[in-house]
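Chains, contacts and geometry: an overview
Residue-level listing of the chains:
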Amino acid sequence: MLQGSTAADRVELSVVTPSESTSLAQAKIIYNSPFNDLLFRAQTVHRANFDPNAVQMSRLLSIKTGGCAEDCGYCSQSAHSPTGLKASKLMMVEKVVTEARKAKDEGATRYCMGAAWRSPKDRDMETLVAMVASVKALGMETCMTLGMLSPTQAGALAKAGLDYYNHNIDTSEEFYSEIITTRTFADRLETLSNVREAGMKVCAGGILGMGETTDDRISMLVTLANLQPAPESVPINMLIPIPGSRLADAEPVDPIEFVRTIALARILMPRTHVRLSAGRTQMSDEMQALCFFAGANSIFAGDTLLTTENPGEDHDTALFRRLGLKPMELEPAE
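Here the structure is a predicted model, which is why all the values come from computation and not from measurement.

So, about the overall build of the protein. For the protein, the count of helices and strands is 11 helices and 12 strands. In the protein, which comprises 334 residues, the share counted as buried stands at 56%. A fraction of 74% describes how many contacts in the protein between residues 6 or more apart in sequence connect residues 24 or more apart. Looking at the protein as shown, the accessible area adds up to about 14600 Å², and 53% of this sits on carbon and sulfur atoms.

Structural data, given as structure tokens:
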């Protein structure tokens, strides 16, 4: 029980279990609780479900860059934005496997492959299936983000051994159309449903710093938490303003507000891997440390995230050493 909270607060701040739904009102109370109380609770939930000093190490590779038909305002790969990024062809399977093997040797346990598409074309599915099977054969968890998926496409990837599919909802349903107009919030949820029906695990999160309100951030997490079941992985990104994109001049997120969002994600989704994702190059070591304390337990390792910079291996190794953190070991297959 948190000292200093009222009786009403203590009722609202009871433990959120993965089987129950969470209202926006409940989530707001949690988010707005005193910062020390919020972090204490988040760390308590975190310790009940994970090793508090282990962080999952993932690696992300762009297997097809640029030329995306979507108009996402934050993205350098949108064909609608004059960012100067040239479109590339889909990478060869052999090249993907070489990069995945290198990532495994450097400590990554999950390999994520991303293509800048509205949705994959059927002619590309054979190559994508081969990528999944080949990376899976290395003994790594596999993840892909390819845009919207049909039930047939989701089924083919699941059959190939794809563990996770990433499809972020980005923000709240209310703010969504301010960022993207080429597809709807409902389209996002439909793909997540197709992924889940195919038997894959869901990776879905959002981006902070696009001009959304605090309520939008809370609403986004409530939507994710109320999926049945909640996503197994939730990446929380800090916007990296891309010159030429619609959000190039967006105001940066307040660090304390970002940490609060991480803490709320941990409390609402106790058994989910919460990934401190894009934007870490803009964060101080102290801010990252607070995020880890608030329940973040996954990062992307390596020098790049698709088309943006990421802290390199040396920096992450030094930070982990200072904080007494260690890479999370791959969980045995069920």
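Having seen the model, we can carry on.
Turning to the packing of aromatic side chains, a few remarks are in order. According to the stated counting rule, one finds two aromatic pairs in the structure shown. Between Tyr176 and Phe185 the ring centres are 5.7 Å apart and the planes differ by 75°, which places this aromatic pair in the edge-to-face class. Comparing Tyr176 with Phe185, the two get one shared label, buried. Between Phe292 and Phe320, the ring centres sit 6.2 Å apart and the planes meet at 90°, which makes this aromatic pair edge-to-face. With Phe292 in helix 10 (residues 285–293) and Phe320 in helix 11 (residues 313–323), this residue pair connects regions lying 28 residues apart in the sequence. A single burial state applies to Phe292 and to Phe320, both of which are buried. In this structure, Arg260 is placed above the aromatic ring of Tyr31, and the distance from its NZ or CZ to the ring centre is 5.9 Å. Between the NZ or CZ atom of Arg275 and the centre of the ring of Phe300, over which it lies, the distance is 4.7 Å.

Here the focus is the side chain of Arg280. Among the secondary structure elements, Arg280 is positioned in the loop between strand 8 (273–276) and helix 10. Polar contacts involving the side chain of Arg280 include one to the main-chain carbonyl oxygen of Phe300, which spans 2.9 Å. A distance of 2.8 Å separates polar atoms of two side chains, one belonging to Arg280 and the other to Asp316.

Evaluation of the coordinates by the stated rule reveals 12 salt bridges. With a closest N to O distance of 3.1 Å, Lys326 and Asp51 form a salt bridge. Highlighted residues: Lys326 in strand 12 (residues 326–327) and Asp51 in the loop between helix 3 (35–49) and strand 1 (54–64), separated in sequence by 275 residues. We classify Asp51 as partly exposed; its relative accessible area is 33%. Note that Arg280 and Asp316 form a salt bridge whose closest N and O atoms lie 2.8 Å from each other. Taken together, the residues span a long stretch of sequence, with Arg280 in the loop between strand 8 and helix 10 and Asp316 in helix 11 at a distance of 36 residues. With relative accessibility at 1%, the residue Arg280 sits in the buried group. Via salt bridges that share partners, Lys95, Glu99 and Lys102 belong to a single interconnected network.

Here we come to the packing of helix 4 (residues 93–105) against helix 5 (residues 125–136). At a minimum axis distance of 10 Å, the contact between helix 4 and helix 5 shows a crossing angle of 30°. For the element pair helix 4 / helix 5, the angle class is roughly parallel. Judged by the sense of rotation from one axis to the other, the crossing of helix 4 with helix 5 is right-handed. Residues Val93, Val96, Val97 and Ala100 of helix 4 form the contact with helix 5, whose own contacting residues are Thr127, Ala130, Met131, Ser134 and Val135. Across the contact of helix 4 with helix 5, the residue classes break down as seven nonpolar, two polar and no charged.

Another point: helix 8 (residues 214–225). The end-to-end C-alpha distance of helix 8 is 17 Å, a good match for the 16 Å that 12 residues give at a rise of 1.5 Å each. Along helix 8, 10 of the 12 residues are buried, which leaves the element largely enclosed by surrounding structure. Residues of helix 8 that are buried: Asp216, Arg217, Ile218, Ser219, Met220, Leu221, Val222, Thr223, Leu224 and Ala225.

Examined against the element boundaries, Leu38 turns out to sit in helix 3. Counting along the chain gives 222 residues from Leu38 to Arg260, while the straight-line C-alpha distance between them is 7.5 Å. In contact with Leu38, other than residues within four places in its own chain, are Ile30, Tyr31, Ser33, Arg260, Ala263 and Ile267.

A few words on the side chain of Asn297. Following the sequence through the fold, Asn297 ends up in the loop between helix 10 and strand 9 (298–300). Those residues within four positions of Asn297 in sequence are excluded, and the remaining contacts are His46, Phe50, Ala54, Val55, Gln56, Arg266, Thr272, His273, Val274 and Met328.

Thresholds, definitions, all that
Position labels on residues start from 1 in each chain and follow its written sequence. Per-residue local features are limited, in this predicted model, to residues with pLDDT of at least 70; the limit for side-chain atom pairs, both in listing and counting, is 80 or more; totals at the level of whole chains, interfaces and linings are taken over all residues. Heavy atoms from the whole structure form the basis of all side-chain values; hydrogens and water molecules are not counted. The numbering of helices and of strands both runs from the N terminus, where a helix is a DSSP run of H or I of at least 4 residues and a strand a run of E of at least 2. Three labels apply to residues, based on accessible area from a 1.4 Å probe with only protein chains included: buried if under 20% of the type maximum, exposed if over 50%, partly exposed otherwise in between. Two residues qualify as a contact provided that any one of their heavy atoms is within 4.5 Å of a heavy atom in the partner residue. Surface exposure here means Shrake-Rupley accessible area, sampled with a 1.4 Å probe, where a residue is shielded only by the protein chains that are shown. Any pair of Phe, Tyr and Trp rings, taking the six-membered ring for Trp, is counted once the centres come within 6.5 Å. Such a pair is stacked with planes under 30 degrees apart, edge-to-face with planes over 60 apart, and tilted for the rest. Cation placement over rings: the criterion is NZ of Lys or CZ of Arg within 6 Å of the ring centroid and within 35° of the ring normal. As used in this structure description, the phrase polar contact means that two N or O atoms lie within 3.5 Å; if the pair is within protein, one of them must be able to donate a hydrogen and the other to accept it, and residues adjacent in sequence are counted only when both atoms belong to side chains. The term salt bridge refers to a pairing of a side-chain nitrogen on Lys or Arg with a carboxyl oxygen on Asp or Glu at a separation within 4 Å. An axis is simply a line fitted to the C-alpha atoms; with a helix, the fit covers only the stretch in contact. Between two such axes, the angle follows the N-to-C directions and lies from 0 to 180 degrees. Convention used here: angles under 35 degrees read as roughly parallel, angles over 145 as roughly antiparallel, angles from 65 to 115 as roughly perpendicular, and any remaining angle as oblique. Throughout, a crossing is termed right-handed when the near helix is turned clockwise from the far one, and left-handed when it is turned anticlockwise from it by less than a right angle. In this classification, the charged set is Asp, Glu, Lys and Arg, the nonpolar set is Ala, Val, Leu, Ile, Met, Phe, Trp, Tyr, Cys and Pro, and all remaining amino acids, among them Gly, are polar. Residue count minus one, scaled by 1.5 Å, sets the expected span of a helix.

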